[in-house]
Amino acid sequence: MIILKIVKGFYMQKNKIGIETVVKIIKKLYWLGLIGIAGSVFDIPILKLFYLFFLLAIIDFILSLIIVLRTESTDETINELKFLLQNLGMLIGIPFIYIRNMFRLPNVDTYMPEVHYSLPFLECWTVANGGNNKETSHSWSICNQRYAYDFYIQKNGSTFSGNGKNVTDYFCYGKTVLAAADGIVIEIKNLFEDTPIPEKEEVDCHASDVRGNYIIIQHSEHEYSTIAHIKKDSFCVKVGDKVYRGQQIARCGNSGNTSEPHIHFQVQQGKSFLLSASLPIWFEKIRNHSISHNSPHISRGDIVENQNK
């Protein structure tokens with residue numbers, strides 16, 4: 001407890017020393033643990049307490065890992081490490097999400113939505129992946145993406161023209177991305193170039209985040225939307241901005257872990273991508289060309305668009 005208070009004191013003081021400075025201080029302090037050896041040799045109990053400074057090595061490791069994860073880098077090894085840790089984080093986050101929800105995850109029958117959403121695009125798009133049940137779900141077992149949707153544009157059964165080897169061949173690439181409801185922009189990542197279209201099935205993703213470039217918007221106390229795989233430098237809003245339903249916020253790209261350009265859209269119960277349950281989405285004022293009746297829910301294969309005002 002004493003060691004943690006020392007570290008916290010360094011970090012929380014009025015002028016806020018950075019994590020890098022704290023790490024440098026810790027690297028010097030844990031050598032005081034050598035005094036504990038003298039305490040053992042001469043049997044001096046008070047000097048043996050200096051062994052506790054060796055525990056700072058653990059804190060040094062944790063803070064150094066945080067620095068790596070927070071620092072954007074072009075180093076492929078570091079990015080691969082961050083990518084791996086994020087995927088592990090999704091798995092580790094599953095029990096946390098279950099506990100947070102008292103083992104009753106939100107579903108379409110029990111969840112009462114705080115907000116109804118529009119589709120985050122113009123024109124007709126196809127639901128490439130996603131739905132409200134296990135059979136159609138984007139990722140049923142990964143509960144932070146259970147009710148997510150992937151959208152792309154199809155024409156005559158194809159998502160691209162030409163040979164489809166370039167991102168610009170795809171009909172949805174560069175298309176306008178809209179805010180799905182009123183809210184506040186709380187996070188944007190705009191770091192990654194488009195992932196090349198893979199020649200084989202395996203995606204060659206060099207981004208350190210599966211989402212690539214993304215935006216998170218808070219719409220209510222417990223509902224946040226994430227839109228991912230956005231084209232770099234296409235954002236036309238910034239963190240802290242108030243956005244409105246149907247407002248242009250970016251353009252569709254192919255950044256992150258994706259095999260072809262599309263929009264990934266999900267609503268979650270908190271800001272954290274790893275520790276928030278995915279929420280079933282109620283859409284409003286949309287036209288579903290694949291069913292004959294009005295429904296607030298959509299599913300894989302549906303062709304959908306926002307209704308004209």
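Keep in mind that this is a model prediction, so the values were computed, not measured.

So what's going on with the pairing of strand β4 (residues 183-189)? Residues and values would help.
Relative to strand β7 (residues 242-243), β4 runs antiparallel, the two being bridged by 2 bridges. Directly across from G183, in β7, lies its bridge partner V243. Where β4 lies against strand β5 (residues 213-220), 5 bridges are found, and the strand directions are antiparallel. Pairing of I184 across the sheet is with Q218, part of β5.

Break down the pattern of salt bridges for me, with residues and values.
Evaluated as defined, the whole model comprises 8 salt bridges. The shortest N-O distance in the salt bridge between E187 and K271 comes to 3.9 Å. You can see E187 sitting in strand β4 and its partner K271 sitting in the loop between β9 (263-268) and β10 (286-288), a full 84 residues away along the chain. Two residues, K232 and E193, come together in a salt bridge whose shortest N-O distance is 3.1 Å. Taken together, the positions of K232 in the loop between β6 (223-230) and β7 and E193 in the loop between β4 and β5 put the pair 39 residues apart, joining distant regions of the chain.

Any chance you could break down unusual backbone geometry for me, citing the residues and the numbers?
The backbone of E123 shows a phi angle near 70°, a positive value even though the residue is not glycine. Structurally, E123 is set in the loop between α6 (76-100) and β1 (125-129). Even without being glycine, H229 reaches a positive phi, approximately 70°. With respect to the helices, strands and loops of the structure, H229 is situated in strand β6.

Break down the packing of aromatic side chains for me, citing the residues and quoting the values.
Any two aromatic rings considered together are summarised by their centre-to-centre distance and by the angle between their planes. The final tally for this structure, using the stated rule, is 10 aromatic pairs. For the pair Y149 and F283, a centre-to-centre distance of 5.9 Å together with 65° between the ring planes defines the contact as edge-to-face. Taken together, the residues span a long stretch of sequence, with Y149 in strand β2 (residues 149-152) and F283 in the loop between β9 and β10 at a distance of 134 residues. Comparing Y149 with F283 shows no difference in burial state: the two are buried. Taken together, the ring pairs in this structure connect Y117, F121, W125, Y149, F151, F265 and F283 into an aromatic cluster. Geometry around F171 places K155 over its ring, the cationic atom sitting 4.8 Å from the centre. Looking at R211, its charged tip hangs above the ring of F273, at a distance of 4.4 Å from the centre.

How would you explain the environment of S40 if you had to name every residue and give the values?
Assignment of secondary structure puts S40 in helix α3 (residues 34-41). Judged by its relative accessible area of 37%, S40 is partly exposed. Residues S40 and Y51, spaced 11 residues apart in sequence, show a C-alpha to C-alpha distance of 9.9 Å. Every residue in contact with S40, bar those within four places of it in the chain, is listed here: K48 and Y51.

Can you lay out the side chain of D150 for me, pointing to particular residues and giving the numbers?
Take D150: it is sitting in strand β2. Look at D150: it is buried, it has no salt bridge, and the nearest opposite charge is R300 at 8.6 Å. When neighbours within four sequence positions are excluded, D150 is seen to be in contact with T126, V127, A128, N129, H138, H262, I263 and H264.

Outline the nonpolar core, listing residues and values.
With 38 residues, the main nonpolar core has Y117, F151, I215, I249, F265, F283 and I298 as its most contacted residues. Of all the secondary structure elements, the ones that give two or more residues to this core are β1, β2, β5, β6, β8 (248-251) and β9. When residues no more than four places from it in sequence are discounted, the contact partners of F265 are Y117, P120, A148, Y149, F151, A180, S225, T226, I227, I281 and F283. Residues I94, I97, L105 and C143 belong to the second largest nonpolar core, which totals 5 residues.

Report on the confidence of the model for the chain, specifying residues and quantitative values.
Summarising the model, the chain shows a mean pLDDT of 87, and 85% of its residues fall at 70 or more. A low-confidence stretch, residues 1-17 stays under pLDDT 50, and its non-local contacts, those more than four residues away or across chains, total 19 contacts.

Pulling in residues and values, what's your account of the environment of Y111?
In this fold, Y111 is placed in the loop between α6 and β1. Judged by its relative accessible area of 16%, Y111 is buried. For the pair Y111 and L279, spaced 168 residues apart in the sequence, the C-alpha separation amounts to 8.0 Å. Excluding anything up to four places from it in sequence, Y111 contacts P106, E223, L279, P280 and W282. A polar atom in the side chain of Y111 sits 2.6 Å from the side chain of E223.

Reading the values: the criteria
Residues numbered from 1 in each chain as written. Predicted model: local features only at pLDDT ≥ 70, side-chain atom pairs only at ≥ 80, totals over all residues. Heavy atoms only, no water. Pairing = 2+ DSSP bridges. Helix = DSSP H or I, 4+ residues; strand = E, 2+ residues; numbered from the N terminus. Salt bridge = Lys/Arg side-chain N within 4 Å of Asp/Glu carboxyl O. Phe/Tyr/Trp six-rings, centres within 6.5 Å; stacked < 30°, edge-to-face > 60°. Buried < 20%, exposed > 50% of the residue type's maximum accessible area, 1.4 Å probe, protein only. Lys NZ or Arg CZ within 6 Å of the ring centre and 35° of its normal. Contact = heavy atoms within 4.5 Å. Lys, Arg positive; Asp, Glu negative; His and termini not counted. Core = buried A, V, L, I, M, F, W, Y, C linked by side-chain atoms within 4.5 Å. pLDDT = per-residue confidence, 0-100. Polar contact = N/O pair within 3.5 Å; in protein donor to acceptor, adjacent residues only side chain to side chain.

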